[in-house]
Amino acid sequence: DICTAPSPSLPPLAMAEEKKRKLKVLCLHGSGTNKEFINFLQMSMSCLRTLCEWHYMDGIVEADPFPSIKPFLKLIKQDTFFSWLKKSEDGTKYTGFDEACEVGCCCIISFLLFSNL
C-alpha cells in the first residue's frame, strides 16, 4: 500500500525528513468543470490527501457544465464552470491555446516561486 509503505532505500534520518515535507501538486480541471469539482472528487482519496498538498486553478473561459457532472452540481460549492479553451459556435474548433498556455505557465511559475520548494 503506497500510503503505509516506507521508503526502503532511504536512511532513517532521510525518511523522517521525507515525512515532514509533502509533495505539492497543481491540479488543472477539464472542460466544463472547476477547481471545486476536482476537490470534491479527491475527497474520497484520503491517502493522497495526507501525502500531498493540493493546489487548484480554474480555467480562463466560462463554460457550461460538462454533462456528466450534472448529478454532482448540488454537492459542490461553486456554480460557475470553466474551460481552458474557447469553443467555436458550431463546436468544431477551439481557440485561445496560446492564452491558456500563458496563464497556465504563469500560474505554474507563481506556484513554484511561492510554495517554498
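Residues numbered from 1 in each chain as written. Predicted model: local features only at pLDDT ≥ 70, side-chain atom pairs only at ≥ 80, totals over all residues. Heavy atoms only, no water.

Details of the overall build of the protein chain
Here is the rule we go by: Helix and strand definitions here come from DSSP, where helices need a minimum of 4 consecutive H or I residues and strands a minimum of 2 consecutive E residues; each element is numbered from the N-terminal end. The Shrake-Rupley method, run with a 1.4 Å probe sphere, supplies the accessible areas, and residue values consider only the shown protein chains as cover.
Within the protein chain, the regular secondary structure consists of 4 helices and 6 strands. Reading the protein chain from its N end, one meets helices and strands in the order α-β-α-α-β-β-β-β-β-α. A total accessible area of about 8,600 Å² is found for the protein chain, and carbon and sulfur atoms account for 61% of it.

Digging into the pattern of salt bridges
For the record, the criterion: Salt bridges are defined as contacts in which a side-chain nitrogen from Lys or Arg sits within 4 Å of a carboxyl oxygen from Asp or Glu. Each residue gets one of three labels from its accessible area relative to the maximum for its type: buried under 20%, exposed over 50%, partly exposed in between, using a 1.4 Å probe on protein chains only.
The full count for this structure, using the stated rule, is 2 salt bridges. For Glu53, the salt bridge identified is with Lys24, shortest N-O distance 3.7 Å. Pair noted here: Glu53 is in strand S2 (residues 52-57) and Lys24 is in strand S1 (residues 23-28), with a separation of 29 residues, a long-range link. According to the relative accessible area criterion, Glu53 is partly exposed, its value standing at 29%. Of the charged contacts in the structure, one is a salt bridge between Lys86 and Glu99, with a shortest N-O distance of 3.6 Å. Linking Lys86 in strand S5 (residues 86-87) with Glu99 in helix H4 (residues 97-114), this pair joins segments that are 13 residues apart in sequence.

Some words on the packing of aromatic side chains
So the rule is basically this: Paired rings are identified among Phe, Tyr and Trp, the last through its six-membered ring, by centres lying within 6.5 Å, and are further divided according to the angle between planes into stacked (under 30 degrees), edge-to-face (over 60) and tilted (the rest).
Scanning the model with the defined rule gives 2 aromatic pairs in all. With a centroid separation of 5.7 Å and an interplanar angle of 55°, the aromatic rings of Phe40 and Phe72 are classed as tilted. Remark: Phe72 occurs in the loop between strand S3 (61-63) and strand S4 (81-83) and Phe40 occurs in helix H2 (residues 35-42); sequence separation between them is 32 residues. On the accessibility criterion, Phe40 (21% relative accessible area) is partly exposed.

Topic: the side chain of Ser83
What counts here: In protein, a polar contact means a hydrogen-donor-capable atom and an acceptor-capable atom, both N or O and within 3.5 Å, with residues adjacent in sequence counting only if both atoms are side-chain atoms; elsewhere, any N or O pair within 3.5 Å suffices. The contact definition used throughout considers only heavy atoms, calling two residues in contact when any of these lie within 4.5 Å.
Within the element layout of this structure, Ser83 appears in strand S4. Looking at Ser83, the relative accessible area reads 7%, which means it is buried. A polar contact is formed between the side chain of Ser83 and the side chain of Ser31, at a distance of 3.4 Å. Leave out the neighbours within four places in its chain, and Ser83 touches His29, Ser31, Gly32, Gly59, Ile60, Val61 and Ala63.

Here's the deal with H2
Selection rule: The arc in question is the one traced by the directions running from the helix axis out to the C-beta atoms.
For H2, the full list of buried residues reads Phe37, Ile38 and Gln42. Mapping the buried residues of H2 onto a view down its axis gives an arc of 135°, with all of them on the same face. Looking at the buried side of H2, the elements it contacts are S1, helix H3 (46-51) and S2. The opening residue of H2 is Asn34, an N-cap whose side-chain oxygen sits 3.1 Å from the backbone nitrogen of Glu36.

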